[in-house]
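# Architecture and fold: a report
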Amino acid sequence: DYDAGTVAVRQRVAVRLDVFPPDRRKRDIDNVPKAILDALTHAALWDDDEQVDALLVVRREIVRPGGRVVAAVARCEHAQEAAAALAALRPPAPI
């Protein structure tokens, strides 16, 4: 529930990335998180992406044109809560 202009999250977080590719070409899904996490850092969602304690990346159906990535972020009080926070993040509705 991030709104532009709010203060950056300062605590630990769990992140779910749903990746909707633009076509059927082969892609390495592990290349997606770095760019997205860096973009969220640049957008000041958090201070630094080192705050991410849990990360789930899910390949979804093709979305034309251009594809899409949907990010969901949950705060964690402690690193031990990261797995539970990640499990609570629901996938986005079908596009």
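In case you missed it, the structure is sitting above this.
Residues numbered from 1 in each chain as written. Predicted model: local features only at pLDDT ≥ 70, side-chain atom pairs only at ≥ 80, totals over all residues. Heavy atoms only, no water.

This part covers the overall build of the chain. Scanning the chain for helices and strands turns up two helices and three strands. Listing every helix and strand of the chain by position from the N terminus yields β-α-β-β-α. Going through the 95 residues of the chain one by one, you find that 31% of them count as buried. For the chain, the exposed surface amounts to about 6300 Å²; the carbon and sulfur share of it is 53%. (Helix = DSSP H or I, 4+ residues; strand = E, 2+ residues; numbered from the N terminus. Buried < 20%, exposed > 50% of the residue type's maximum accessible area, 1.4 Å probe, protein only. Areas by Shrake-Rupley, 256 points an atom, 1.4 Å probe, with all protein chains shown as cover.)

Here we come to the side chain of Arg16. Structurally, Arg16 can be placed in strand 1 (residues 12-20). Judged by its relative accessible area of 10%, Arg16 falls in the buried class. Side-chain polar atoms of Arg16 contact the side chain of Asp18, separated by 2.6 Å. Apart from residues no more than four positions distant in its own chain, Arg16 is found in contact with Leu56, Val58, Val70, Ala71, Ala72, Leu86, Leu89, Arg90 and Pro91. (Polar contact = N/O pair within 3.5 Å; in protein donor to acceptor, adjacent residues only side chain to side chain. Contact = heavy atoms within 4.5 Å.)

Another aspect to go through is helix 1 (residues 32-42). Since the α-helix advances by 3.6 residues per turn, residues separated by three or four positions end up pointing in the same direction. Among the residues making up helix 1, those that are buried are Val32, Pro33, Leu37 and Leu40. Looking down the long axis of helix 1, one finds its buried residues gathered within 110° of arc, a one-sided arrangement. Counted as exposed and oriented over 90 degrees from the buried face of helix 1: Lys34 and His42. In this structure, the buried residues of helix 1 make contact with strand 1, strand 2 (52-59) and strand 3 (68-76). Among the residues trailing helix 1, Ala44 stands out with phi positive, at a value near 65°. (Arc of directions from axis to C-beta.)

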